[in-house]
Amino acid sequence: SKEVVTMLKNADFPGLKRATSSAIYFALRTFGQWQALQPIAERVKSESLSQNCNNPAIATALAQKAETFLPDPKYKQIAYSLYERVLECKSSDHASRARFRYSLLKIMDQDCKTADPILTKVYEENSQEYIGRTLYWRARCAQMRGDRMSFEFLSQKLLKEAPL
């Protein structure tokens, strides 16, 4: 909606907290460049964790928008910093999505040490959307660090819990 686009342009964090997640994602599609979103990204990063947890879709959607400008490392850092604002939020679709995507970026940076416990948390939230994916990436991390026993265990668990 036009109102949400205006809120994004004006870095109106209180207004965005009242917006629906679908309206936020839809509005973000209208931005072809990051520059207009930088003020709201800075505002999100300056808000408290509890304020960001009121509507984790704001930080998550902005981080996903930043990902569209990868592989530029500047945007990976922006995505990290936005996802970090909602990593500790209670379980919700957007908090789980933020945790999962943050973990994938960490794996891309060869940082399974950070990614693995977050993937475990997403797995334990028991979202059907992420069970197979978290087990797969945890197994890949075990394989990357040469932990054959964990790799075998997680691979078997993946086959059992999320068969193709």
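The structure presented is a predicted model; accordingly, all values stated were derived computationally and were not measured. (Residues numbered from 1 in each chain as written. Predicted model: local features only at pLDDT ≥ 70, side-chain atom pairs only at ≥ 80, totals over all residues. Heavy atoms only, no water.)

Brief notes about unusual backbone geometry
Omega for the peptide link from L70 to P71 comes to 20°, which places this bond in the cis form. Mapped onto the elements, P71 comes out in the loop between α6 (57-67) and α7 (73-83). Here the phi dihedral of A11 falls at roughly 50°; this positive angle occurs in a residue that is not glycine. Even without being glycine, Q110 reaches a positive phi, approximately 60°. For Q110, the location among the structural elements is in the loop between α8 (93-108) and α9 (112-124). (Helix = DSSP H or I, 4+ residues; strand = E, 2+ residues; numbered from the N terminus.)

Concerning helix α10 (residues 128-144)
End to end, α10 covers 25 Å across 17 residues, agreeing with the expected 24 Å (1.5 Å per residue, within 8%). Here α10 has its buried residues at Y130, I131, G132, T134, L135, R138, A139, C141 and A142. Packing partners of the buried residues in α10 comprise α8, α9 and α11 (148-161). Just beyond α10, the residue with positive phi is G146, at close to 80°. (Expected span 1.5 Å × (residues − 1). Buried < 20%, exposed > 50% of the residue type's maximum accessible area, 1.4 Å probe, protein only. Contact = heavy atoms within 4.5 Å.)

Overview of the packing of aromatic side chains
This structure, assessed with the given rule, holds six aromatic pairs. Seen from their ring centres, F69 and Y75 are 5.0 Å apart, and the 35° between their planes marks the pair as tilted. Look at F100 and Y130: their rings are 5.0 Å apart centre to centre, the planes differ by 45°, and that puts the pair in the tilted class. Remark: Y130 occurs in helix α10 and F100 occurs in helix α8; sequence separation between them is 30 residues. One aromatic cluster is present, formed by W34, F69 and Y75 through successive ring pairs. (Phe/Tyr/Trp six-rings, centres within 6.5 Å; stacked < 30°, edge-to-face > 60°.)

Considerations on the pattern of salt bridges
Counted by the stated rule, this structure contains eleven salt bridges. Residues E125 and R99 are paired through a salt bridge, measuring 2.4 Å at the closest nitrogen-oxygen approach. Note that E125 is positioned in the loop between α9 and α10 and R99 in helix α8, a separation of 26 residues in sequence. Among the ionic pairs, R138 bridges to D116, the shortest N-O distance being 3.4 Å. Of this pair, R138 sits in helix α10 while D116 is found in helix α9, placing the two residues 22 residues apart along the sequence. Residue R138 shares its accessibility class with D116, and that shared class is buried. (Salt bridge = Lys/Arg side-chain N within 4 Å of Asp/Glu carboxyl O.)

What about the environment of K9?
Structurally, K9 can be placed in helix α1 (residues 2-9). Residue classification places K9 among the exposed positions, given a relative accessible area of 51%. Once you skip the residues sitting within four places of it in the chain, K9 turns out to touch F31 and A36.

Quick word on the nonpolar core
Counting residues in hydrophobic clusters, the biggest one holds 40 residues, and the most contacted among them are L8, I24, W34 and L62. Counting residues per element, the ones that place at least two in this core are α1, α2 (13-17), α3 (21-28), α4 (38-46), α6, α7 and α8. Filtering out sequence-adjacent residues up to four positions away, L8 remains in contact with L16, A27, L28, F31, A36, L37 and I40. In terms of nonpolar packing, the next biggest core, distinct from the first, is built from eight residues, F100, I107, C112 and V122 among them. (Core = buried A, V, L, I, M, F, W, Y, C linked by side-chain atoms within 4.5 Å.)

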